[in-house]
Structure formats: C-alpha cells, structure tokens
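Now for the letters of each chain:
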Amino acid sequence: MENQNQETTHKRRKRYAGTHPRNFSEKYKEHNPEKYGDTIEKVIRKGSTPAGMHISIMVKEILDFLQIKPGQTGLDATLGYGGHTKAMLECLKGEGHIYGLDVDPIESAKTKERLEKQGFGEDILTVRLQNFADIDLVSKDTGKKFDFILADLGVSSMQIDNPERGFSYKVEGPLDLRMNPQKGTSAAERLKEVDYEELVGMLVENSDEPYAEEIAETIMKWQNRGKAIETTTNLKDAITEALKFLPEKERAEAVKKSCARVFQALRIDVNSEFEVLYAFLEKLPEVLAPNGRVAILTFHSGEDRLVKKSFKEFYKMGLYSEISKDVIRPSSEECARNSRSKCTKMRWAIRAE
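Model, not experiment: these values are computed from the prediction. (Residues numbered from 1 in each chain as written. Predicted model: local features only at pLDDT ≥ 70, side-chain atom pairs only at ≥ 80, totals over all residues. Heavy atoms only, no water.)

1. Focus on the packing of aromatic side chains
Turning to step 1, where the next piece is worked out: Here the structure, examined in full by the defined rule, presents seven aromatic pairs.
Turning to step 2, where the next piece is worked out: Aromatic pair Tyr 99 and Phe 146: ring centres 6.1 Å apart, planes at 70°, arrangement edge-to-face. Placement of Tyr 99 in strand S2 (residues 97–102) and of Phe 146 in strand S4 (residues 146–152) is noted, with a sequence separation of 47 residues between them.
Turning to step 3, where the next piece is worked out: When the ring of Phe 132 is compared with that of Phe 280, the centres are 4.9 Å apart and the planes differ by 85°; the resulting orientation is edge-to-face. Here Phe 280 lies in helix H13 (residues 273–287) and Phe 132 lies in the loop between strand S3 (125–129) and helix H6 (135–142), a separation of 148 residues in the sequence.
Turning to step 4, where the next piece is worked out: An aromatic cluster is defined as three or more aromatic residues linked by ring pairs; in this entry it consists of Phe 311, Phe 314 and Tyr 320.
Turning to step 5, where the next piece is worked out: For Arg 114, the ring lying beneath its charged end belongs to Tyr 81, and the centroid distance is 3.8 Å.
Turning to step 6, where the next piece is worked out: Here the guanidinium or amino end of Arg 293 rests over the ring plane of Phe 65, the centre of that ring lying 5.0 Å away. (Phe/Tyr/Trp six-rings, centres within 6.5 Å; stacked < 30°, edge-to-face > 60°. Helix = DSSP H or I, 4+ residues; strand = E, 2+ residues; numbered from the N terminus. Lys NZ or Arg CZ within 6 Å of the ring centre and 35° of its normal.)

This is the structure in structure tokens:
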C-alpha cells in the first residue's frame, strides 16, 4: 500500500536566466496577474495598467446610464478582459442573461474561464466568438432583443502588452495587429500590398497623421529596396528615419506620437474597424428592446464622429427617443489612476418604444 505520509512532489515555477524575465512567455505575473494583488495595486497607484490585465474604463458612468435590473437581457459587444461584463452581471443579481462577443479567440477563452471561476457560468453568461458587426445574427440566433448594450471600442491592454500580437511599437514583435490572428491579413502583409497614395490616405483618414506623406514615402523606399518591414521595430525605425528632417529637440516626441498614430491607422485598416462599427451602428435599433439602452466608448475622433452621426440620424427618424447631447468623459481621478482612459469619450442612446 502506498505510503499516505509520502510528500507530494512540489512543482516549482519555471525559472529564467538573470534577475528579471525578458521573454513574454517567462513573465509569470503577466499571464496570471490576479494572483499578485500587491503588485497590481502598486502599478495602478502609479497611474499605469498592470501588464497582462485590463482596467475597465468609466464603469460607474456606464452603470449609471444603463440602469440594469435583474431579469434583463444584455449584450457586451466587446468582451475583452470582462471587467465591464462582470460589473453588469453583478447588477443582474443572478437573474437574466448577458451575451459577450469577441473576435479574439485567445483572450475570450481566458475571460470566459476567469468569469466562470468568479461564479458567472453559462446559466447567466454566454460568450460567443463573433464580430459585433453581426449583432443582428446574435439577436436572431438567441431570439432576444436586448435591454442594454455596451460597446467599448478600445484595444485591450492584454493585446497591447503581448509582443507576439504586434500592437505596440514599444516592444519587438511581429507586425501583426489583427484582433483575430487566425484570420485575415497581418499589418506586415498589408504594407506590402498598398501603394503610396493608398498608404497616405490610410494614415490621414485613420489617425490624422500630419507626416503621412513623409512616412509613406520612406516605407515605399524601404520596400522598393527590398528592406522588409516585418516587425514592430522595423516600422518604428522607418518612422524615425522619415522624421529626421525635424529639429533634434522635438524629434523624439514627434516620433513617439507618429508611431502611436501609424500603428493605430494600420490596426484600424487590417481589422476593418470603421466598416465593422458602421455595420454595428446600422443594426443597433433593430436589436434593442423598446426603451433599451446602448452606451459606446470611443477612443479617437473617427470613431466618435461615426457614433455621433448615427445616433443623430436615428433620433431624427424617431428610432431613438433620446441621445446624449455631449460626450461624457472619465473623471480626473480616473485619468490619474488609469492613463489609458484619458482619450475616452462615451455617447449613449435610448431606443424608442
């Protein structure tokens, strides 16, 4: 008979070379940040987002508007890390249902598991790997009209923090930028397809890039010489070279801002974000229940213009009984605690009866 006093083998965490992990795969805290509460709080107090997790923006303002009641049916059109979803689920008090949509198969699976462990199983939450442009199909499949809908159009911090996804110019990684890395064309492949005029248009329309012509010219020059732009660092280097004409004292800040805008423009393009948002906005009235409420968080002027225009048009048509007259911004306290919230704008609408 096996000795019951035999010690259980302790599985030690994988060690890495040096005093700090360098590869993302070795950064154990980033893959399970919830286990390290003290570290999380220290990072948040500094006004930063802990790597590997996402701090939900404007939760109070969203809940104040949506006025969620037990028994209602809701839709989180952009599940992400699930912070907003959890807050809305808590409002249901165990009665009702929320459908959460996401096109990212990697993060949505993690979020579903995380929420299940917190007590939100399939009886109250259904996670669907689906684009929020297809809300009409979700409504048809479920036979439901929604009492409340939330769409947070920001990129999740987990995607930004993972170098393998290619969302940030700050770390070396493949220039991918796809929300679903299993489908579509990566940003690196997209740059090989576009010509000069199309690239300039992309940078201007998607991010208001002031140096669009200079950056597009340098990228074309690199590619004509057989110098591939395959990584995030390659693209950052091309942007840096394009802005060499600027005075040295202002160049570093200009490069930083242009990198952020160029990465944004490419991300919008490879994920067809404006087309997806337009389809979502067009279908919203038909999936909202009478007096149903929708709140949308945007993060740049192009998104906000589309939301504002759509809400106004449907309000004039009588499909919405009320819409927000002005954007709602996060509080100064929230901006100090979460720097990624500073550019957020919230707009809302209420479906007519």
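2. With respect to the pairing of strand S5 (residues 288–298)
Turning to step 1, where the next piece is worked out: Extensive coverage of S5 is indicated by the burial of nine of its eleven residues.
Turning to step 2, where the next piece is worked out: Bridge count between S4 and S5: six bridges; the pairing is parallel. Note on S5: the bridge partner recorded for Leu 150 is Ala 295.
Turning to step 3, where the next piece is worked out: In terms of strand pairing, S5 meets strand S7 (residues 345–351) through six bridges, oriented antiparallel. Its bridge partner lying in S7, Leu 297 is registered against Met 346. (Buried < 20%, exposed > 50% of the residue type's maximum accessible area, 1.4 Å probe, protein only. Pairing = 2+ DSSP bridges.)

3. Brief notes about H13
Turning to step 1, where the next piece is worked out: End to end, H13 covers 20 Å across 15 residues, agreeing with the expected 21 Å (1.5 Å per residue, within 8%).
Turning to step 2, where the next piece is worked out: Looking at H13, one finds that the buried residues are Glu 273, Phe 274, Val 276, Leu 277, Phe 280, Leu 281, Lys 283, Leu 284, Pro 285 and Val 287. (Expected span 1.5 Å × (residues − 1).)

4. With respect to the sheet that holds strand S6 (residues 320–323)
Turning to step 1, where the next piece is worked out: Read from one edge of the open sheet, seven strands run S3-S2-S1-S4-S5-S7-S6, paired in mixed fashion. The outermost strands of the open sheet, each flanked by one partner alone, are S3 and S6. Across this sheet, the average inter-strand angle for adjacent strands is 15°, counted without regard to direction. (Axes fitted to C-alpha atoms, helices over the stretch in contact; angles between N-to-C directions.)

5. Here we look at the pairing of S7
Turning to step 1, where the next piece is worked out: Along S7, six of the seven residues are buried, which leaves the element largely enclosed by surrounding structure.
Turning to step 2, where the next piece is worked out: By the bridge criterion, three bridges tie S6 to S7 in an arrangement that is antiparallel. Bridge pairing links Ile 323 to Ala 349 in S7.

6. Thoughts on the confidence of the model for the protein chain
Turning to step 1, where the next piece is worked out: Across the protein chain, pLDDT averages 86, with 83% of residues at or above 70.
Turning to step 2, where the next piece is worked out: The model gives residues 1–16 a pLDDT under 50, and that stretch makes four contacts with residues more than four places away or in other chains.
Turning to step 3, where the next piece is worked out: Throughout residues 47–52 the model reports pLDDT below 50, and contacts reaching past four residues in sequence, or to other chains, amount to 27 contacts. (pLDDT = per-residue confidence, 0-100. Contact = heavy atoms within 4.5 Å.)

7. Examining the side chain of Arg 267
Turning to step 1, where the next piece is worked out: Here Arg 267 shows up in helix H12 (residues 248–270).
Turning to step 2, where the next piece is worked out: The contacts of Arg 267, once residues within four sequence positions are left out, are Val 155, Phe 167, Leu 177, Met 179, Glu 273 and His 300.

8. A closer look at helix H14 (residues 301–316)
Turning to step 1, where the next piece is worked out: Along its 16 residues, H14 runs 22 Å from first to last C-alpha, staying within 8% of the 22 Å computed at 1.5 Å per residue.
Turning to step 2, where the next piece is worked out: By the burial criterion, the buried members of H14 are Gly 302, Glu 303, Asp 304, Val 307, Ser 310, Phe 311 and Phe 314.
Turning to step 3, where the next piece is worked out: At its buried positions, H14 is contacted by H13, S5, S6 and S7.
Turning to step 4, where the next piece is worked out: Phi for Gly 318, located one or two positions after H14, is positive at around 85°.

9. Thoughts on the environment of Lys 86
Turning to step 1, where the next piece is worked out: Examined against the element boundaries, Lys 86 turns out to sit in helix H4 (residues 83–92).
Turning to step 2, where the next piece is worked out: When the C-alpha positions of Lys 86 and Ile 98 are compared, they lie 9.8 Å apart, and in sequence the two are twelve residues distant.
Turning to step 3, where the next piece is worked out: Residues contacting Lys 86, with those up to four places away along its chain left out, are Leu 115, Gln 118 and Phe 120.

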